[in-house]
Amino acid sequence: MGTKRNEAHSKIAKLTTLAILVAVVILFQMMGSFIKIGPTSITLVLVPIVLGGILLGPACGALLGLIFGVMTLWAGISGTDFFTNVLFTSQPFATSLICLGKAVAAGYGAGIIYKLISKKNNIVAIFAASAAAPIINTGLFILGGLFLVGDTLMANFSNFGVAEGTTLIYFVVIGCAGFNFIGELIANIALSPAVVTITNVVSKTLGKNK
């Protein structure tokens with residue numbers, strides 16, 4: 001009976017943790033949509049996604065990333081995010097692939113990296129996972145921007161307020177991703193100590209042995 005009760009408690013604790021993280025992802029993404037550097041927004045949403053990948057595993061990190069991606073895509077579809085709306089209107093499939101793919105990969109990748117490195121050093125694993133999420137998210141955004149929606153971006157340079165003579169690579173890497181990536185990377189790494197503390201506390205509740 002004791003074992004079954006412990007298992008039930010662990011499942012409830014995991015579901016509760018996941019529900020809280022989902023709520024935080026939604027809140028952070030809604031807040032982040034109002035914080036823009038250039039045509040794209042900067043957000044802290046990757047922090048709870050990383051936390052989910054660490055505490056609940058890569059699959060949960062991917063799920064939280066998917067929620068982030070869906071919200072990003074919906075902002076484009078609804079017109080709330082002008083930049084994404086322009087891309088979606090011209091190339092709905094490619095834009096959906098970029099929004100969802102990069103977010104899911106960031107959550108899953110952070111979880112996998114933590115899982116691999118934590119076998120040797122838990123703190124290093126948390127910092128590595130925190131850094132990996134924005135790198136994966138931004139890296140896939142850049143690739144998608146260059147190879148999937150590049151023509152649409154160049155055709156709308158005037159709508160984005162891009163100076164004449166700007167190249168696609170400069171616009172995507174520096175104009176769209178540059179400062180945003182730096183901000184998200186710094187935020188994730190700076191908040192890593194807090195993630196370490198939260199991980200230690202919640203892990204005890206979930207019945208994990210670190």
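Residues numbered from 1 in each chain as written. Predicted model: local features only at pLDDT ≥ 70, side-chain atom pairs only at ≥ 80, totals over all residues. Heavy atoms only, no water.

1. Concerning the packing of helix α6 (residues 122-147) against helix α8 (residues 168-190)
For clarity, the threshold we go by: Note on definitions: angles span 0 to 180 degrees between N-to-C directions of axes, and those axes are lines fitted to C-alpha atoms, for helices only across the stretch in contact. Only DSSP runs of H or I covering at least 4 residues are called helices, and only runs of E covering at least 2 are called strands; the numbering of each starts at the N terminus. Each angle is binned into one of four classes, with values under 35 degrees roughly parallel, values over 145 roughly antiparallel, values of 65 to 115 roughly perpendicular, and all other values oblique. Handedness of each helix crossing follows the sense of rotation of the near helix against the far helix: counterclockwise by less than a right angle gives left-handed, clockwise gives right-handed. The contact criterion used throughout is that any non-hydrogen atoms of two residues lie within 4.5 Å.
Running from N to C, α6 and α8 cross one another at 165°; their axes reach a closest spacing of 10 Å. Taken together, α6 and α8 sit at an angle that is classed as roughly antiparallel. Relative to α8, the crossing made by α6 is right-handed. On α8, the residues that touch Phe127, Ser130, Ala131, Ala133, Pro134, Ile135, Asn137, Thr138, Phe141, Ile142, Gly145 and Leu146 of α6 are Leu168, Ile169, Val172, Val173, Cys176, Ala177, Phe181, Glu184, Leu185, Asn188 and Ile189.

2. Section: a nonpolar patch on the surface
To keep it simple, the criterion reads: Patches here: salt-bridge-free residues with over 30% relative accessible area, like charges joined within 9 Å, nonpolar side chains (Val, Leu, Ile, Met, Phe, Trp, Tyr) joined within 5 Å. Each accessible area value is a Shrake-Rupley result obtained with a 1.4 Å probe; residue values ignore everything except the protein chains displayed when judging cover. By definition here, a salt bridge exists when the distance from a side-chain nitrogen of Lys or Arg to a carboxyl oxygen of Asp or Glu is within 4 Å.
Together, Phe93, Leu97, Leu140, Leu143, Phe147 and Leu148 line one region of the surface with nonpolar side chains, adding up to about 650 Å² of accessible area. Listed by contribution, the elements that provide at least two residues to the nonpolar patch are α5 (92-117) and α6. Tracing the backbone through its elements, the reader meets phenylalanine 93 in helix α5.

3. Observations concerning the environment of valine 172
The cut-off we apply is this: Only protein chains enter the accessibility calculation, which uses a 1.4 Å probe; a residue is then buried when its area is under 20% of its type maximum, exposed when over 50%, and partly exposed in between.
By the element assignment, valine 172 lies in helix α8. Residue valine 172 is classed as buried on the basis of its relative accessible area of 1%. A C-alpha to C-alpha distance of 8.7 Å links valine 172 and leucine 153, two positions 19 residues apart in sequence. When sequence neighbours within four positions are dropped, the list of residues in contact with valine 172 reads Phe141, Ile142, Gly145, Leu146, Leu153 and Ala177.

4. A closer look at the packing of aromatic side chains
One pair of aromatic rings is described through two measures. These are the centre distance and the angle between the planes. Inclusion rule: Aromatic rings from Phe, Tyr and Trp, taking only the six-membered ring of Trp, are treated as a pair when their centres fall within 6.5 Å; an angle between ring planes under 30 degrees marks them as stacked, one over 60 as edge-to-face, and anything in between as tilted.
Scanning all chains against the criterion turns up 5 aromatic pairs. Between phenylalanine 160 and phenylalanine 171, the ring centres sit 5.9 Å apart and the planes meet at 10°, which makes this aromatic pair stacked. Taken as a pair, phenylalanine 160 in the loop between α7 (150-155) and α8 and phenylalanine 171 in helix α8 lie far apart in primary sequence, 11 residues in all. Since its relative accessible area comes to 5%, phenylalanine 171 is described here as buried. An aromatic cluster is defined as three or more aromatic residues linked by ring pairs; in this entry it consists of Phe82, Phe83, Phe141, Phe157, Phe160 and Phe171.

5. Quick look at the environment of leucine 153
Here leucine 153 lies in helix α7. The class of leucine 153 is buried, set by a relative accessible area of 2%. Between the C-alpha atoms of leucine 153 and alanine 187, which are 34 residues apart in sequence, the distance is 28 Å.

6. Let's talk about the side chain of aspartate 81
Test applied: For this analysis, a polar contact is any N or O atom pair within 3.5 Å, provided that within protein one partner can donate a hydrogen and the other can accept it, and provided that sequence-adjacent residues contribute only side-chain to side-chain pairs.
Among the structural elements, aspartate 81 can be located in the loop between α3 (58-78) and α4 (82-90). Classification of aspartate 81 as buried rests on a relative accessible area of 11%. Within polar-contact distance, the side chain of aspartate 81 engages the backbone nitrogen of phenylalanine 83 at 3.1 Å. A distance of 3.0 Å separates a polar atom in the side chain of aspartate 81 from the backbone nitrogen of threonine 84.

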